[in-house]
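As a plain string of letters, each chain reads:
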Amino acid sequence: MWRNLARRAASRKFNSTPASASLSAPKSSIFSNKFAPEAQKGLNSWLPPSPPLLRRMAPPTPLWKDGFVAPEPFGCWRSYAGAAEAIASTTEEELSGSEEIQELMEEMKKHIEVPPDLQRWMMPQPPPPPPQQKRIAGMGMSKYHMLKKRQIKMETEAWEEAAREYQELLTDMCEQKLAPNLPYVKSLFLGWFEPLRDAIVAEQELCRKKKAKPSHAPFIDQLPADMMAVITMHKLMGLLLSSNGGNGSCRVVQAACQIGEALENEAMLQKFLEKTKKKSTKSKDPEGESDLQTSEGQPNEEQEKLRKRVSSLMKKQKVLQVRGLVKAQDESKPWGQENQVKIGCRLIQLLMETAYIQPPMDQVGDGPPDVRPAFSHVLKTLTKDAQKGSRRYGVIECDPLVRKGLERSARHMVIPYMPMLVPPVKWTGYDKGAYFFLPSYVMRTHGARQQRETIKRTPTDQLQCVFEALDTLGNTKWRVNKGVLAVIDRIWASGGHLGGLVDREDVPVPEKPETDDEAVLRKWKWKLKSAKKENTERHSQRCDIELKLAVARKMKDEEGFFYPHSLDFRGRAYPMHPYLNHLGSDLCRGILEFAEGRPLGKSGLRWLKIQLANLYGAGVDKQSYEDRIAFTEKHLDEIFDSADRPLEGRRWWLKAEDPFQCLAVCINLTEALRSSSPEAFLSHMPIHQDGSCNGLQHYAALGRDKLGAAAVNLVAGDKPADVYSEIASRVVDIMQRDAEKDPATNPNARHARRLINQVDRKLVKQTVMTSVYGVTYVGARDQIKRRLKERDAVADDDELFAASCYVAKTTLTALGEMFEAARGIMGWLGECAKVIASENKPVRWTTPLGLPVVQPYRQLGRHLIKTSLQVLTLQRETDKVMVRRQRTAFPPNFVHSLDGSHMMMTAVACKDAGLNFAGVHDSYWTHACDVDEMNKILREKFVELYEAPILENLIESFQKAFPESRFPPLPERGDFDLKEVLKSPYFFN
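If you're wondering where the values come from, they're calculated on a predicted model, not measured in any experiment.

Undergrad: Run through the overall build of the protein, naming residues and quoting values.
TA: When its secondary structure is counted, the protein shows 37 helices and 23 strands. Expressed as a percentage of the 989 residues in the protein, the buried residues total 49%. Expressed as a percentage of contacts within the protein between residues at least 6 apart in sequence, the contacts between residues at least 24 apart total 70%. Element-wise, carbon and sulfur atoms account for 51% of the exposed surface of the protein, whose accessible area totals about 48,600 Å².

The following block contains the structure:
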């Protein structure tokens, strides 16, 4: 039997042993060859460590003939047991031969009597489950690390890459003796780069040699000249592109600050990268001290350990740990705003001295080329209002040719805070999170020192919920909707002017009439001013669209990307990338979609149809869900035509209020309905659920106001309540009463009779929306005036002003009647803020999620700085608070902090439920199939938020901070049951 077994075993084929392998001895057996380490362990590794068990078992009788020596007792048993053990721990690739081994073990069991307590070890072993590969954001580790390297390269080498590109182009020009065929704006950059770089090199040399060094000298050589040149050019052009409506001018102080800040950030980054390079960490300076010296006189042993630690971490891509280590060794002090402005001004001055422009060759006549400076420095007088007088500002202006090229320069700009290719770093502190290397702060404090220090001092545990919410928003993966982007590109290439895109051509400027007639000249001047204003606005919009499309084109081939988020001082979350994000216009939202697709399911198909009706608008979005679905199903032909032939067909989608988002849903719905199983179709479309005048919803919940709650959909109804239409109706009622009075004794009667037919939801909407956020009577009057002017309802300016005053008062009266509780709470909050501000203290509070908020409104002092360009005035906070601003801003800021808390609570709960979530203040987004689940969560979180004693906690914190002050008593509240919100289908819809 053993001979048969041996013969069969010898004929088997295994990975590591030839088929002819002999079974002459256990040490050279096929089992010990393949599983040598395990064979040494034998059954001992599988059995309890008690030797008596082995001693009780007699060795089997040797059955070998022909001089074959039997193996030592249990030698072959150890081989078989070791084989089974090895197979159980191998990967799928190593399982070749396992079936044969199990077969041989079964054969052995037939011929050898095995004790019962060992039989279970001879049972066939099930194949092991495939190992679970660790995944991050749906991608394998190798892919994640590849994308992470690209992300780090994007963050750390953007300016360096631009400088290298210009240098290579210059080299090519010298070698080939001809100019490369470049876009106009890029050729401008290339023409400015070399002279500016050489001027910076000369300035660096001068500052090294001079004994009496200029104030910017310590900072001029912090970076290579080529990188400084690129940063200066791109930052200034970026500001000209985006500030002052993109009209080709920007204030000197703004440009100098931004250039100086960018230089400091890049200098810190380059210093950090130098310290973490292996070559740098091993090198020593002439005095023999390490680059990573932690303190003067530190032992060399410590330095060596530090070097090894950094090298090891860099190899493992442990970026955050390396940042922490190197930051601890960095003794350099921040430059400060004053030094940033000085170095920024000097570089702007060098650019103005070296940058010239001339018309393109096809625009040059027979005369000599008109070469002139590309930028100029002028002083402008800005008149604020009659009381405050006027102030003079230094302004950088660009030549009209540069200004014209700005619209096409976006695609060539270096945009540092691009969307990330991998999930953002988790937030763990004020400046710890989001981007790997770019400076990232959890809150945008805009220089408010007290708010910044408060956040820094807050314990991490207290901010954990806020950090988790920001991480959740940042981990949502997006991608570019290529179909919609292609349509937008076609429209833009053909001149724009469709789907809300601005016309790419300017309006013609009227020529001056050849007459001395004052009336004709006055009319011409008015038309000229109007045309110039229109062209300035168009230029601004074109620059904005170009920036957004430039980002979309850069990201369109990525499988997905992420938006790191941070907070404003009130606790509202915003993406850190400023251009193409889901907080943007219809253009941005139409271009973006979720990277992950999820099957629609029955409910998802329903919500996709509702989403299309919502985006179409025109009153359809105010109807019941069933009516919205019916609207979509009624227009399926138009929807299919929009998807198939967006520009060649009937263009039904262009009639929508949000045309590009509507087009995206048309395409998605068409693909789903044409698929073999619409409910199984993978949809990437974000579905929105928006609050109904969300600020008033929060006030109604705070005051438990039944009337207000019904007006803003906190209670169930057959169709959504429309608060704007309700207010408009009340305004009409008031006007009808006024119109019945005698105009001779009551001037309101005349206005009422004239305007009663002009009142609709659109006229009052902006005033109702902003009433929650503290709109004043003057603000309401200006809003109404703009609406009336758009309609040409009143021709005479004096009459228009008087009519606007009347409508504004009437609207605010109607609001006060309908939202009496909200008005009461707003007044109470304002009075509390007045008490605190009168103590010369800012109003501060803690949101329900533990985020401390400090209102930043302080009087600003002036600080004069002499720079190489001009004397600049920097504004600095003083110790005196702005009492009126603290009072008027507190009610809207407090409500904003509550709606931010609700959004973040919902985000975390959706993540825990496995949903993708994106939030835009009071608009929550998820996949179509998950809308019902998100709706349930957001209602539960709203109830949870307002079941807490928010106003009681607020007044308690005030009294604790100001025990000497007397605060007004809490306002009376109603008896509205918050649980009604759970049953309201149109609360968010």
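Undergrad: Requested: an account of the sheet that holds strand β23 (residues 923–927), with residues and values cited.
TA: The three strands lie next to each other as β17-β23-β22, forming an open sheet whose pairing is antiparallel. Only two strands of the sheet have a single neighbouring strand rather than two, namely β17 (686–690) and β22 (918–920). Neighbour-to-neighbour, the strand axes of the sheet open up by a mean angle of 25 degrees, direction not taken into account. Where β22 and β23 come together, three bridges link them in antiparallel fashion. In the sheet register, Val-920 faces β23, and the bridge partner there is Ser-923.

Undergrad: Kindly report on the confidence of the model for the protein, identifying the contributing residues and their values.
TA: Overall, the predicted model of the protein reaches an average pLDDT of 80, with 77% of residues at or above 70. A low-confidence stretch, residues 1–98 (pLDDT under 50), is modelled with 115 contacts involving residues beyond four sequence positions or located in other chains. Scored below 50 in pLDDT, residues 278–299 makes 31 contacts in the model with residues more than four places away or belonging to other chains.

Undergrad: Quick rundown of the sheet that holds strand β11 (residues 561–562)? Include the residues and the values.
TA: Read from one edge of the open sheet, three strands run β11-β10-β14, paired in antiparallel fashion. In this open sheet, the two edge strands, each paired with only one partner strand, are β11 and β14 (592–594). Looking at chain direction, strand β10 (residues 477–480) and β14 are connected through three bridges and run antiparallel. Residue pairing across strands places Val-480 opposite Leu-592, the latter belonging to β14.

Undergrad: So what's going on with the environment of Ala-137? Residues and values would help.
TA: By the secondary structure assignment, Ala-137 is in the loop between β1 (135–136) and β2 (139–140). Spatially, the C-alpha atoms of Ala-137 and Pro-423 are 7.0 Å apart, while their sequence positions differ by 286 residues. Excluding residues that lie within four positions of it along the chain, Ala-137 makes contacts with Pro-423, Lys-477 and Phe-562.

Undergrad: Before we move on, could you go through unusual backbone geometry and cite the residues and values that matter?
TA: With a phi angle near 70 degrees, Ala-434 is a residue other than glycine that sits in the positive phi range. By the element assignment, Ala-434 lies in strand β9 (residues 432–434). Unusually for a residue other than glycine, Asn-713 sits at a positive phi of about 70 degrees. In this structure, Asn-713 sits in the loop between α28 (706–711) and α29 (723–739).

Undergrad: Summarise the packing of aromatic side chains; cite the residues concerned and give the values.
TA: This structure, assessed with the given rule, holds 26 aromatic pairs. For the pair Tyr-430 and Tyr-441, a centre-to-centre distance of 5.4 Å together with 40 degrees between the ring planes defines the contact as tilted. Of this pair, Tyr-430 sits in the loop between β8 (425–429) and β9 while Tyr-441 is found in the loop between β9 and α18 (449–457), placing the two residues eleven residues apart along the sequence. The partly exposed category is assigned to Tyr-441, whose relative accessible area is 41%. Counting every residue linked through ring pairs, the aromatic cluster contains Phe-917, Tyr-924, Phe-942, Tyr-946, Phe-987 and Phe-988. The cationic tip of Arg-606 hangs over the ring face of Trp-607; the distance from NZ or CZ to the ring centre is 5.4 Å. In this structure, Arg-674 is placed above the aromatic ring of Phe-640, and the distance from its NZ or CZ to the ring centre is 5.0 Å.

Undergrad: Which residues make up the pairing of strand β20 (residues 858–866), and what values go with them?
TA: As defined by bridge partners, β20 adjoins strand β21 (residues 871–881) across eight bridges and the pair is classed as antiparallel. Within the sheet, the bridge partner assigned to Arg-862 lies in β21 and is Gln-875. If you look at the hairpin formed by β20 and β21, you'll find four residues sitting between the two strands.

Undergrad: Got a sec to walk through the pattern of salt bridges? Specific residues and values, please.
TA: Evaluated as defined, the whole model comprises 49 salt bridges. The partner of Arg-372 in a salt bridge is Asp-399, with the nearest N and O atoms 2.6 Å apart. Here Arg-372 is found in strand β5 (residues 372–373), whereas its partner Asp-399 is found in the loop between β7 (389–398) and α17 (400–406), with 27 residues between them in sequence. Accessibility expressed as a relative area gives 23% for Arg-372, which makes it partly exposed.

Undergrad: If you had to explain helix α20 (residues 482–493) to someone new, which residues and values would you point to?
TA: Along its twelve residues, α20 runs 16 Å from first to last C-alpha, staying within 8% of the 16 Å computed at 1.5 Å per residue. Buried within α20 we find Val-484, Leu-485, Val-487, Ile-488, Ile-491 and Trp-492. Looking down the long axis of α20, one finds its buried residues gathered within 160 degrees of arc, a one-sided arrangement. Against the buried residues of α20 lie β10, α21 (518–555), α22 (586–591) and α26 (659–674). Measuring from the side-chain oxygen of the N-cap residue of α20 to the backbone nitrogen of Gly-483 gives 3.3 Å; that N-cap residue is Asn-481. Positioned one or two residues after α20, Gly-495 has a phi angle of 110 degrees, which is positive.

Undergrad: I'd like a rundown of the packing of α20 against α26, residues and numbers included.
TA: Contact geometry for α20 and α26: axes closest at 10 Å, N-to-C directions at 135 degrees. The orientation of α20 relative to α26 falls into the category oblique. In this structure, α20 meets α26 at a crossing whose hand is right-handed. Along the contact surface, α20 presents Val-484, Val-487, Ile-488 and Ile-491, while α26 presents Phe-660, Leu-663, Ala-664 and Ile-667. Here the residues of the contact of α20 with α26 sort into eight nonpolar, no polar and no charged.

Undergrad: Describe the packing of helix α11 (residues 225–242) against helix α16 (residues 337–354), with residues and values.
TA: Where α11 contacts α16, the two axes come as close as 10 Å, and the packing angle between them is 90 degrees. Relative to α16, the element α11 lies roughly perpendicular. The residues of α16 that touch α11, namely those facing Thr-232, Met-233 and Leu-236, are Leu-347, Ile-348 and Leu-351.

Undergrad: Report on the environment of Arg-589, specifying residues and quantitative values.
TA: Checked against the element boundaries, Arg-589 lands in helix α22. With relative accessibility at 21%, the residue Arg-589 sits in the partly exposed group. In this structure the C-alpha to C-alpha distance between Arg-589 and Ala-664, which are 75 residues apart in sequence, comes to 9.4 Å. In this view, Arg-589 contacts His-582, Leu-583, Gly-584, Gln-661, His-688, Val-920 and Trp-925; residues no more than four positions away in its chain are not counted.

Undergrad: A description of the side chain of Asp-641 should follow, citing residues and the corresponding values.
TA: With respect to the secondary-structure elements, Asp-641 resides in helix α25 (residues 636–644). With a relative accessible area of 7%, Asp-641 lands in the buried category. Within the structure, Asp-641 has its side chain in polar contact with the backbone nitrogen of Arg-650 (distance 2.7 Å). Aside from chain neighbours lying at most four places away, what touches Asp-641 is Pro-646, Gly-649, Arg-650 and Arg-651.

Undergrad: If you had to explain α29 to someone new, which residues and values would you point to?
TA: For α29, built from 17 residues, the straight-helix expectation of 24 Å at 1.5 Å per residue is met to within 8% by its first-to-last C-alpha distance of 24 Å. All buried positions along α29 are accounted for by Val-723, Tyr-724, Ile-727, Ala-728, Val-731, Val-732, Ile-734, Met-735, Asp-738 and Ala-739. Buried residues along α29 sit in contact with α27 (694–703), α28, α30 (747–755), α31 (761–771) and α33 (797–818).

Conventions we followed
- Residues numbered from 1 in each chain as written.
- Predicted model: local features only at pLDDT ≥ 70, side-chain atom pairs only at ≥ 80, totals over all residues.
- Heavy atoms only, no water.
- Helix = DSSP H or I, 4+ residues; strand = E, 2+ residues; numbered from the N terminus.
- Buried < 20%, exposed > 50% of the residue type's maximum accessible area, 1.4 Å probe, protein only.
- Contact = heavy atoms within 4.5 Å.
- Areas by Shrake-Rupley, 256 points an atom, 1.4 Å probe, with all protein chains shown as cover.
- Pairing = 2+ DSSP bridges.
- Axes fitted to C-alpha atoms, helices over the stretch in contact; angles between N-to-C directions.
- pLDDT = per-residue confidence, 0-100.
- Phe/Tyr/Trp six-rings, centres within 6.5 Å; stacked < 30°, edge-to-face > 60°.
- Lys NZ or Arg CZ within 6 Å of the ring centre and 35° of its normal.
- Salt bridge = Lys/Arg side-chain N within 4 Å of Asp/Glu carboxyl O.
- Expected span 1.5 Å × (residues − 1).
- Arc of directions from axis to C-beta.
- Polar contact = N/O pair within 3.5 Å; in protein donor to acceptor, adjacent residues only side chain to side chain.
- Parallel < 35°, antiparallel > 145°, perpendicular 65-115°, else oblique.
- Left-handed = near helix turned anticlockwise from the far one by under 90°.
- Nonpolar A, V, L, I, M, F, W, Y, C, P; charged D, E, K, R; others polar.

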